[in-house]
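As a plain string of letters, each chain reads:
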Amino acid sequence: MPISGTSTHTSLWREDGGTSMRALGYFVGTFAVALILGIGSAWYMIERGTVLTTTRVGPWKSWVSEGNPSADPYTRAHLARSGRLPLTSTAARYFVSTTDSSGGGLSASCEYSITGGPLNARWWSMALYDTYGSLIPNPSKRYSFNSEGAIRHTDGGYRIHISRKARPGNWLPSGNDSGKNLTLLLRIYGLRDTDISGIGQVPPESLPKIERLRCE
Amino acid sequence: MRVRLPGLYIALAVVLAGLIHVVAVLTLPVLAPRDAHARLAALGPVNTIIQLPTVTPGQQVMPNMVPDVRYAVCLFDLSDGPVRLRARIPNELWLIAFYTPLGENFYTVIGADMKRADVDLIVTEKDQPVPDVGVDSTETFDNVVVVSSPVTKGVALIRAPLAGPSRSAEAERALKATYCGTRKSGPTISSP
């Protein structure tokens with residue numbers, strides 16, 4: 001009995017060692033997976049947004065509760081990271097696009113045509129930025145078009161051309177650095193159509209289409 | 001037992017991931033080092049109007065600013081009492097927005113909603129007595145808007161969208177004439 005007892009003890013000891021090594025491996029693995037999943041999902045929901053925090057219309061995305069004191073934690077984190085001070089959606093709406101209407105990324109090496117319908121608002125402005133929200137240097141010093149300055153059709157609609165080379169009409173230069181990714185931002189102040197909580201409403205068909213014409 | 005073990009670790013990983021997710025999302029607004037308030041606080045002293053330069057590439061205090069809006073900012077500090085903000089707004093497009101350091105837009109004056117061009121605002125912290133700022137009669141009080149701030153230090157950002165291609169000088173003059181400070185009665189603002 002004592003012999004078998006000893007052997008049992010030894011075998012247990014060996015077993016224990018194997019198990020604890022495996023447990024350590026499992027633990028480290030578990031922690032690594034949790035870290036990647038936790039940070040990754042947080043990054044995605046803060047940076048890209050989900051249906052809970054953003055409205056998407058074609059290529060356009062708008063963070064509905066941005067700047068609102070009662071905003072959800074994801075919108076708050078998104079705002080803190082962005083370094084901006086946006087107005088709440090009762091005073092202004094912001095629509096951001098980094099792709100054209102067919103989903104291709106906006107690039108300075110391509111030419112785009114932006115066609116928008118009339119907007120029932122006091123004032124709007126369409127501006128072109130790089131990925132970091134900085135204006136793109138160009139010799140014409142032209143960075144945006146607004147409701148007062150843009151050439152508009154008789155119905156209030158408009159067409160803006162994004163291109164590196166000069167174009168007639170509303171031309172937004174995309175600069176000399178052809179490798180740059182572009183971001184378009186449409187800000188609309190004083191929307192006249194509001195929902196019951198006073199949030200400015202933009203009919204989906206009023207948001208501009210972004211058509212890629214050609215690439216270099 | 002051994003068959004169930006990976007399942008246990010997967011469950012543990014999911015719970016841990018959830019915890020990390022929540023902690024990351026909740027702490028980010030507090031930890032973000034380059035938020036808007038930090039960028040603006042570096043521009044100058046509190047309780048005074050700071051006109052931001054016309055936005056050009058490389059001269060942007062915050063990302064996504066636009067050159068067809070002219071901006072001025074007042075970093076208010078209410079620890080010595082309420083702060084007064086007076087402006088004569090040249091058109092209905094003007095917006096005066098108040099923010100906490102975390103970027104919460106707790107109050108906005110919309111130019112188009114104002115009955116008069118003269119905007120007179122008193123920013124107070126909750127429970128701070130308003131008469132301290134020199135509002136002595138009910139008659140003057142009618143023209144004053146009291147902005148109740150949830151924070152002692154924050155930002156008032158004035159946006160002057162350009163009402164036309166050649167309206168920038170007008171907007172800049174009007175922003176320059178804006179007063180922000182602790183003086184009991186603000187100076188008379190001359191017509192821009």
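Cut-off values and rules
- Residues numbered from 1 in each chain as written.
- Chains lettered and ligands numbered in written order.
- Predicted model: local features only at pLDDT ≥ 70, side-chain atom pairs only at ≥ 80, totals over all residues.
- Helix = DSSP H or I, 4+ residues; strand = E, 2+ residues; numbered from the N terminus.
- Buried ≥ 20, exposed ≤ 12 C-beta atoms within 10 Å, placed from the backbone.
- Contact = placed C-beta atoms within 7 Å.
- Rg over C-alpha atoms; globule rule 2.2 N^0.38 Å.
- pLDDT = per-residue confidence, 0-100.
- Core = buried A, V, L, I, M, F, W, Y, C linked by C-beta atoms within 7 Å.
- Nonpolar A, V, L, I, M, F, W, Y, C, P; charged D, E, K, R; others polar.
- Pairing = 2+ DSSP bridges.
- Axes fitted to C-alpha atoms, helices over the stretch in contact; angles between N-to-C directions.
- Domains from an automatic or database assignment.

K.L.:
Just to check I follow, could you spell out the overall build of chain B for this structure?
P.N.:
Summing up its helical and strand segments, chain B has 4 helices and 9 strands in all. Secondary structure elements of chain B occur, N-terminal to C-terminal, as α-α-β-β-β-β-β-β-α-β-β-α-β. In chain B, which comprises 192 residues, the proportion classed as buried is 40%. Here the contacts in chain B between residues at least 6 apart in sequence split such that 68% fall between residues at least 24 apart.

K.L.:
Sorry if this is basic, but what is going on with the overall build of chain A here?
P.N.:
Looking only at helices and strands, one finds 2 helices and 10 strands in chain A. When the helices and strands of chain A are read in sequence order from the N terminus, they spell out α-β-β-α-β-β-β-β-β-β-β-β. Here the C-alpha atoms of chain A give a radius of gyration of 27 Å, more than 25% beyond the 17 Å that 2.2 N^0.38 yields for 216 residues. Oriented by its inertia axes, the alpha-carbon framework of chain A measures out at about 105 × 45 × 25 Å. Within the span of chain A, comprising 216 residues, buried residues form 37% of the whole. Within chain A, counting contacts between residues at least 6 apart in sequence, those at least 24 apart form 65% of the total.

K.L.:
Explanation requested: the confidence of the model for chain A in the structure shown.
P.N.:
Should the pLDDT be low somewhere, the predicted coordinates at that spot are not to be read in detail. The share of residues in chain A with pLDDT of 70 or more is 92%, and the mean pLDDT across the chain is 89. The low-confidence segment residues 1-13 of chain A, where pLDDT is below 50, has 0 contacts with residues more than four positions distant or belonging to other chains.

K.L.:
Just checking my understanding: could you explain the nonpolar core for this structure?
P.N.:
The nonpolar side chains of a soluble globular protein tend to be buried, and buried together. Counting 79 residues, the largest nonpolar core has A:L128, B:V73, B:I96, B:A156, B:L157 and B:I158 as its most contacted members. No other element matches strand β2 (residues 69-77) of chain B, which puts 7 residues into this core. For B:I96, the residues in contact, after removing those within four places along its chain, are B:A87, B:T108, B:V109, B:V119, B:A156 and B:I158. Core analysis: the next-biggest nonpolar cluster, separate from the first, contains 10 residues, A:A42, A:M45, A:L79 and B:L28 among them.

K.L.:
Could you clarify how one ought to interpret the interface of chain B and chain A in this entry?
P.N.:
By a frequent convention, interface size equals the accessible area lost on bringing the separate parts together. With 48 residues of chain B at the interface, the matching set in chain A holds 49 residues. Listed by contribution, the elements that provide at least two residues to the side of chain B that touches chain A are α1 (5-31), α2 (36-41), β4 (95-99), β5 (105-110) and β8 (153-161) of chain B. No other element matches α1(B), which puts 13 residues into the side of chain B that touches chain A. For the side of chain B that touches chain A, the per-class residue count stands at 33 nonpolar, 9 polar and 6 charged.

K.L.:
Just checking my understanding: could you explain the sheet that holds strand β9 (residues 179-181) of chain B for this structure?
P.N.:
Strands pair in a sheet through their backbones, by hydrogen bonds, and they do so in one of two ways: parallel or antiparallel. Residue and element names in this part refer to chain B. Read from one edge of the open sheet, 4 strands run β7-β6-β3-β9, paired in mixed fashion. Among the strands making up the open sheet, the edge pair consists of β7 (144-149) and β9. Between one strand and the next, the sheet's axes are offset by a mean angle of 15 degrees, whatever the strand orientation. As paired strands, strand β3 (residues 83-88) and β9 are joined by 3 bridges and run antiparallel to one another. In the sheet register, L85 faces β9, and the bridge partner there is C180.

K.L.:
What am I meant to see in the sheet that holds β5(B) here?
P.N.:
Residue and element names in this part refer to chain B. Reading across the sheet, the 5 strands line up as β1-β2-β8-β4-β5 and stay open at both edges, with antiparallel pairing between neighbours. Single-partner strands in this sheet number two, and they are β1 (49-51) and β5. If you compare each strand with its neighbour and ignore which way they point, the axes differ by 20 degrees on average. When β4 meets β8, the two strands line up antiparallel, connected through 5 bridges. Directly across from F98, in β8, lies its bridge partner A156. Together, β1, β2 and β8 form the strand contacts of helix α4 (residues 168-176), whose direction differs from that of β2 by roughly 10 degrees.

K.L.:
How do you make sense of the domain arrangement of chain B when you look at a structure like this?
P.N.:
Partitioning chain B into domains gives domain 1 (5-31) and domain 2 (37-181). If you average the C-alpha positions of domain 1 of chain B and of domain 2 of chain B, the two centres end up 41 Å apart.

K.L.:
Looking at this model, I keep getting lost on helix α2 (residues 73-82) of chain A. Mind explaining?
P.N.:
An α-helical segment advances 3.6 residues per turn. Residues three or four places apart therefore align on the same side. Residue and element names in this part refer to chain A. Summarising burial for α2: 8 of the 10 residues are buried, a large majority. Buried within α2 we find Y74, T75, R76, A77, H78, L79, A80 and S82. Following α2 by one or two positions, G83 has its phi on the positive side, about 75 degrees.

K.L.:
Please clarify how the domain arrangement of chain A should be interpreted in this entry.
P.N.:
As far as domains go, chain A holds domain 1 (1-47) and domain 2 (54-215). Each of domain 1 of chain A and domain 2 of chain A has a C-alpha centre, and the two are 51 Å apart.

K.L.:
So what exactly am I meant to see when it comes to the pairing of strand β6 (residues 118-125) of chain B here?
P.N.:
On any regular strand, side chains alternate: one points to one face of the sheet, the next to the other face. Residue and element names in this part refer to chain B. Sheet analysis places β3 next to β6, joined by 6 bridges and oriented antiparallel. Paired with R86 across the strands is D120, a residue of β6. Taken together, the 6 bridges between β6 and β7 define a ladder with parallel strand orientation. Bridge pairing in β7 links T124 to S148.

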